[in-house]
Amino acid sequence: MLHYLNKHLAPLPQHVSARALIENVSRRAFLKGSAAGGGLVVAMQLLPFNAAEAFETYDHGGHAMPHGVVMDPHLFVSIDPDGTVNIVTIRSEMGTGARTSLPMVIADELDADWTMVKITQAEGDEPKYGNQDTDGSRSMRHHIQVCRQMGASVRHMLRQAAADAWGVDVAEVQAINHEVIHEGSGNRAGYGDMGQAAMALAAPDITTIDYKDESEFRYIGKGEVQIYDLHDITTGAAIYGADVVLDGMKYAVVARPPVVGGKVKSVDDSAALAVPGVERVIQLDGHTMPAKFLPLGGVAVVANNTYAALKGRDALVIEWDDGPHAVYNSAAYMEEMKATAEQPGKAIRDQGDVDAALSSAAKTFARTYTQDHMAHIPMEPPAALANYADGKLEIWAPVQSPYGTRQDVAEYTGVPIEDVRVNVTLLGGGFGRKSKCDYVHEAAKLSMEVGAPVRVQWTRQDDVQHSFYHTTSAERIEVALDADNKPTGMLYRSVAPSILSTFAEDSGYQFFIEYGMGFADLPFEIDNIRCENGQAMAHTRIGWFRSVSNIPRAWAVQSFAAELAEELGKDQKEMLLELIGSPRIIDPKATAMPEDLWNYGDPYDEFPNDTGRLANVVELAAEKAGWGKELPEGEGLGIAVHRSFLTYVAAVCHVKVEADGTVRVPEVHMGVDCGFPANPERIESQMQGAAVQGMTVALNSGITFKDGRAEQSNFDDYDVVRIDNYPQDVYVHVVPHKFETHATGVGEPGVPPIAPAIVNAIFNATGKRLRHLPIRPEDIRDA
């Protein structure tokens with residue numbers, strides 16, 4: 001999302017249409033410090049369109065990621081003399097498996113032995129590697145074919161080297177399981193044996209490369225490759241942001257303004273400087289909104305250990321000037337949003353004549369659904385280590401956007417970008433929070449000030465109270481019904497502060513990316529639909545959270561569908577399918593969707609909104625869950641479905657509601673259509689994690705503000721689901737597809753349907769309908 005926001009807000013250099021060309025290059029030129037000698041390195045480099053012949057590939061948005069010119073990732077492979085296959089990965093690892101899955105595709109087409117594969121994380125350098133943002137659930141869909149081309153090219157070069165060595169035709173040489181083989185002569189050699197000879201060859205014309213048939217895949221689509229770092233993660237050997245240590249490094253924490261845009265009025269640091277281990281107290285300048293990812297400012301305490309820094313921060317006496325956003329109070333703001341949702345707003349989609357449908361309806365039915373802000377709270381709070389020395393700045397940090405971080409840090413510090421290096425550690429969760437590099441800025445500035453390596457460590461309290469929060473929202477939906485209770489019109493109003501307010505002067509309105517997340521692309525087969533956006537000014541930093549605005553849209557639309565079913569005496573599932581309507585490819589023009597309809601950065605003709613696939617996952621999840629079965633008193637099933645990041649996910653949640661209002665979720669069934677399932681093990685894992693996070697969204701989330709300050713501070717008042725109450729059995733049912741059906745996102749699409757499915761199940765279990773997230777036990781008791 002970051003690149004699209006940058007593109008939306010600032011002019012970029014003229015795009016150069018481009019396609020990929022594989023060329024043989026020197027390893028030293030691209031991989032400084034990698035193993036030297038007798039190996040093979042292949043680089044995928046993007047050249048202008050007229051410099052390369054077209055090649056068969058998916059048509060996807062990876063070709064159009066804005067970064068000055070259009071480019072795809074430049075993936076690199078090298079083979080050492082001992083046969084080790086080194087693959088550089090350009091995606092950050094935060095649990096999604098992207099760091100593993102893309103090299104897995106290369107290894108499969110290369111027919112490499114996975115046990116001989118070594119993965120190296122790329123530093124932040126998009127001019128070299130192409131786009132590196134790990135967000136938008138697009139790593140696999142944008143790279144699967146490029147990775148196949150890479151692996152197949154290396155395989156071809158090894159076969160050619162062997163053919164030359166043995167004096168045979170390359171067509172007679174096979175590459176199987178890390179060996180090149182000529183059956184006629186009985187010659188065979190390991191990949192490492194042929195690396196040096198292969199390196200002297202020109203890379204093949206990729207239009208002539210032989211790809212594996214789908215039936216020949218060893219890893220792709222099999223679900224048998226575990227994430228590369230699993231052993232290190234489970235044994236504690238993995239390196240996260242706070243695990244990097246440099247000689248002479250200092251440790252810092254920051255007392256930040258409690259209100260966004262606030263400033264230090266005065267500070268007494270005498271007690272802080274008296275804490276053993278504290279070395280310096282440094283004021284950091286803050287920034288008013290919009291400030292993108294610039295730090296909030298405040299007072300930093302630098303010490304020779306983290307504990308001393310924390311105790312020093314506790315000892316600071318600071319008087320704050322809270323600034324204009326001290327007026328922010330969530331309770332009043334929510335009422336304002338609900339009132340705005342009752343009034344006409346900016347029309348984003350206007351299909352047919354909704355006013356006529358409503359005025360002539362036999363009856364109308366309307367409901368409003370609301371949600372508090374949410375914080376990402378990854379298990380690893382933000383942390384960054386920076387070392388400024390000899391005019392160069394080097395960073396180690398868990399970041400989702402390493403090159404974006406490098407660009408922003410260079411601009412913030414004034415260090416030339418060529419003198420900034422960003423090294424990516426593993427991420428202990430991200431969910432969008434670690435796309436924002438404010439914590440890296442803090443470390444960079446302090447290292448420059450102190451003249452030593454400095455690690456800035458955020459605490460859980462820092463993370464909860466100074467986040468880039470998921471938006472709060474009020475979503476109002478009204479339907480017109482004819483005499484036969486058939487929907488003839490739908491009016492949908494969305495009111496929420498926008499992510500755009502973090503990047504540009506706030507208009508109070510959302511923008512095209514947010515409109516395309518279950519709002520303007522509403523998939524119901526109703527003749528008259530109008531979607532309106534009401535104004536809501538932001539008073540805190542708004543950022544993207546896993547699945548972004550799809551959460552409030554699925555929450556509202558799927559809850560409304562279930563309420564409409566109750567109003568009309570229909571089954572929830574059947575009502576939902578009736579609204580979805582006939583199997584069809586939705587025509588954006590015929591349904592008056594916006595001309596700039598957001599389709600997750602990918603071409604609509606290749607990735608259309610297919611209601612047949614949407615309805616199919618509803619049927620799949622319902623069938624597997626035993627929809628309609630009798631359940632004991634206090635238990636119920638609820639259903640919801642949503643398309644996001646080009647993937648269709650339905651969820652049926654089984655809940656048990658206890659007498660005190662505690663909600664338990666013993667079982668979840670998820671129907672998933674993500675096109676070709678390239679890595680089933682990760683698909684299952686991501687959907688299971690989405691069920692956990694979706695339950696947190698439904699029952700535990702909720703950041704509220706009073707006098708501009710976040711009222712929550714830690715897991716005691718902003719909790720996540722725990723081991724004593726979580727979705728116990730999550731069954732993931734993946735719709736099978738051949739490779740020809742585009743692989744789509746899986747990191748985020750599982751989250752949106754979970755909360756409405758849980759709340760719909762609560763209604764079926766108790767008869768109580770709840771319309772505000774999060775839902776507390778007392779909300780159920782008092783309903």
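Here, every reference points to the structure presented above.
Read on for a plain summary of the structure.

What counts, and at which threshold
One numbering rule holds for all chains: residues counted from 1, following each sequence as written. For a predicted model such as this one, the threshold for reporting local features is a pLDDT of at least 70, and the threshold for listing and counting side-chain atom pairs is 80 or more; totals across whole chains, interfaces and linings nevertheless cover every residue. Side-chain measures here rest on the full set of heavy atoms in the structure, leaving out hydrogens and waters. Each salt bridge in this description consists of a side-chain nitrogen of Lys or Arg and a carboxyl oxygen of Asp or Glu lying within 4 Å of one another. Runs of E in the DSSP output that reach at least two residues are strands. Runs of H or I that reach at least four are helices, and both are numbered from the N terminus. Only protein chains enter the calculation, and the probe is 1.4 Å; a residue is then buried if its accessible area is under 20% of its type maximum, exposed if over 50%, and partly exposed in between. Two rings from Phe, Tyr or Trp (for Trp, the six-membered ring) form a pair when their centres sit within 6.5 Å of each other. Planes less than 30 degrees apart are called stacked, planes more than 60 degrees apart edge-to-face, and all others tilted. Here, a charge over a ring means that NZ of Lys or CZ of Arg falls within 6 Å of the ring centre while also lying within 35 degrees of the ring normal. Fitting a line to C-alpha atoms yields each axis, with helices limited to the stretch in contact; the angle taken between N-to-C directions then spans 0 to 180 degrees. When the near helix sits turned anticlockwise from the far one by under a right angle, the crossing is termed left-handed; a clockwise turn instead gives a right-handed crossing. For this analysis, residues touch if any pair of their heavy atoms sits within 4.5 Å. For this classification, Asp, Glu, Lys and Arg are treated as charged, while Ala, Val, Leu, Ile, Met, Phe, Trp, Tyr, Cys and Pro are nonpolar and the rest, including Gly, are polar. Polar contact is the term for a pair of N or O atoms within 3.5 Å; when the atoms are in protein, one must be able to donate a hydrogen and the other to accept it, and sequence-neighboring residues count only if both atoms are side-chain atoms. In short, DSSP must find at least two bridges between two strands for them to pair. Among buried residues, the Ala, Val, Leu, Ile, Met, Phe, Trp, Tyr and Cys ones that are joined through side-chain atoms within 4.5 Å form a nonpolar core. Multiplying one less than the number of residues by 1.5 Å gives the expected span of a helix.

A few points about the pattern of salt bridges
Counting across every chain of the model gives 45 salt bridges. Between Glu394 and Arg421 there is a salt bridge whose closest N-O contact spans 3.5 Å. Linking Glu394 in strand β17 (residues 392-397) with Arg421 in strand β18 (residues 420-424), this pair joins segments that are 27 residues apart in sequence. In this structure Arg421 comes out as partly exposed when scored by relative accessible area, which is 37%. The closest approach of N and O atoms between Arg664 and Glu658, which form a salt bridge, is 2.6 Å. A residue is classified by how much of its surface remains accessible, and Arg664, at 30% relative accessible area, is partly exposed.

Focus on the packing of aromatic side chains
Summed over all chains, the structure comprises 19 aromatic pairs. Ring geometry for Tyr469 against Phe705: centres 5.4 Å apart, planes inclined by 90°, an arrangement best described as edge-to-face. Placement of Tyr469 in the loop between α14 (460-465) and β20 (473-481) and of Phe705 in strand β26 (residues 705-706) is noted, with a sequence separation of 236 residues between them. On the accessibility criterion, Tyr469 (1% relative accessible area) is buried. Ring pairing ties together the aromatic residues Phe511, Phe512, Trp598, Tyr600 and Phe645, which thus form one cluster. Above the face of the Phe739 ring, Arg148 is positioned so that its terminal group lies 4.4 Å from the ring centre.

Description of the packing of helix α3 (residues 98-110) against helix α5 (residues 139-166)
Relative to each other, α3 and α5 sit at 35°, their axes nearing to 6 Å. Taken as a pair, α3 and α5 cross one another with a handedness that is right-handed. Between α3 and α5, the residues in contact are Ala98, Ser101, Leu102, Val105, Ile106, Glu109 and Leu110 and Ser139, Met140, His143, Ile144, Cys147, Arg148, Met150, Gly151, Ala152, Val154, Arg155 and Leu158, respectively. The residue inventory of the contact of α3 with α5, partitioned by class, reads 12 nonpolar, 4 polar and 3 charged.

Details of the side chain of Ser467
Relative to the helices and strands, Ser467 is located in the loop between α14 and β20. A polar atom in the side chain of Ser467 sits 3.4 Å from the side chain of His376. Those residues in contact with Ser467, other than ones at most four positions away along the chain, are Ala375, His376, Arg433 and Arg541.

Re the environment of Glu563
Checked against the element boundaries, Glu563 lands in helix α16 (residues 550-568). Taking the C-alpha atoms as reference points, Glu563 and Arg769, separated by 206 residues in sequence, lie 8.2 Å from one another. Leaving out residues up to four positions away in the same chain, Glu563 has contacts with Phe365, Arg367, Tyr369, Arg769 and Arg771. At 2.7 Å, the side chain of Glu563 and the side chain of Arg771 are in polar contact.

Observations concerning the sheet that holds strand β11 (residues 278-284)
Spatially, 7 strands are ordered β11-β12-β9-β19-β16-β17-β18 in an open sheet, and the strand pairing comes out mixed. The open sheet has two edge strands with one neighbour each: β11 and β18. If you compare each strand with its neighbour and ignore which way they point, the axes differ by 20° on average. Sheet contacts for helix α12 (residues 402-413): β17 and β18; angle to β18, the most-contacted strand, approximately 145°. In the packing of helix α13 (residues 438-450) onto the sheet, the strands contacted are β9 (250-255), β11, β12 (298-303), β16 (383-389), β17 and β19 (454-457), and the crossing angle to β16 comes to about 35°.

Quick word on the nonpolar core
Judged by nonpolar contacts, the single largest core of 105 residues is most densely connected at Met490, Leu564, Val655, Met670 and Ile758. Apart from the residues lying within four places of it in its own chain, the contact partners of Met490 are Val354, Ile477, Glu478, Val479, Leu522, Phe524, Ile526, Asn528, Ile529, Arg530 and Phe560. Formed by 47 residues, the second largest nonpolar core is a distinct cluster that contains Phe293, Ala397, Val420 and Phe468.

Points about the environment of Ser498
Examined against the element boundaries, Ser498 turns out to sit in the loop between β21 (487-495) and α15 (512-515). With relative accessibility at 0%, the residue Ser498 sits in the buried group. As for Ser498 and Ala356, which are separated by 142 residues in sequence, their C-alpha atoms are 31 Å apart. The residues contacting Ser498, other than those within four sequence positions of it, are Tyr509, Gln510, Phe511, Glu514 and Ile542. Reaching out from Ser498, the side chain makes a polar contact with the backbone nitrogen of Leu500 at a distance of 2.9 Å.

Brief notes about α12
Since the α-helix advances by 3.6 residues per turn, residues separated by three or four positions end up pointing in the same direction. Relative to the 16 Å expected for 12 residues at 1.5 Å per residue, α12 spans 16 Å between its end C-alpha atoms, a close match to the ideal helical length. Where burial is concerned, most of α12 is hidden: 10 out of the 12 residues are buried. Where α12 is concerned, the buried positions are Pro402, Tyr403, Gly404, Thr405, Arg406, Asp408, Val409, Ala410, Tyr412 and Thr413. On its buried face, α12 sits against α4 (126-129), β17, β18 and α13. Following α12 by one or two positions, Gly414 has its phi on the positive side, about 85°.

Some points on the sheet that holds strand β25 (residues 663-673)
Strand order in this open sheet of 4 strands is β23-β24-β25-β28, and the pairing throughout is mixed. In the strand order of this sheet, the two ends are held by β23 (635-644) and β28 (729-734), each with one partner. Between one strand axis and the next, the sheet turns through 15° on average, direction left out of account. Pairing analysis gives 10 bridges linking β23 to strand β24 (residues 647-657), with the strands arranged antiparallel. The residue of β24 that forms the bridge with Ala640 is Ala651. Along the sheet, helix α19 (residues 680-699) makes contact with β24, β25 and β28, crossing β28 at roughly 130°. Along the sheet, helix α20 (residues 754-766) contacts β23, β24 and β25; its crossing angle with β23, the most-contacted strand, is approximately 155°.

Treat this as a map of the structure, not an account of what it does.
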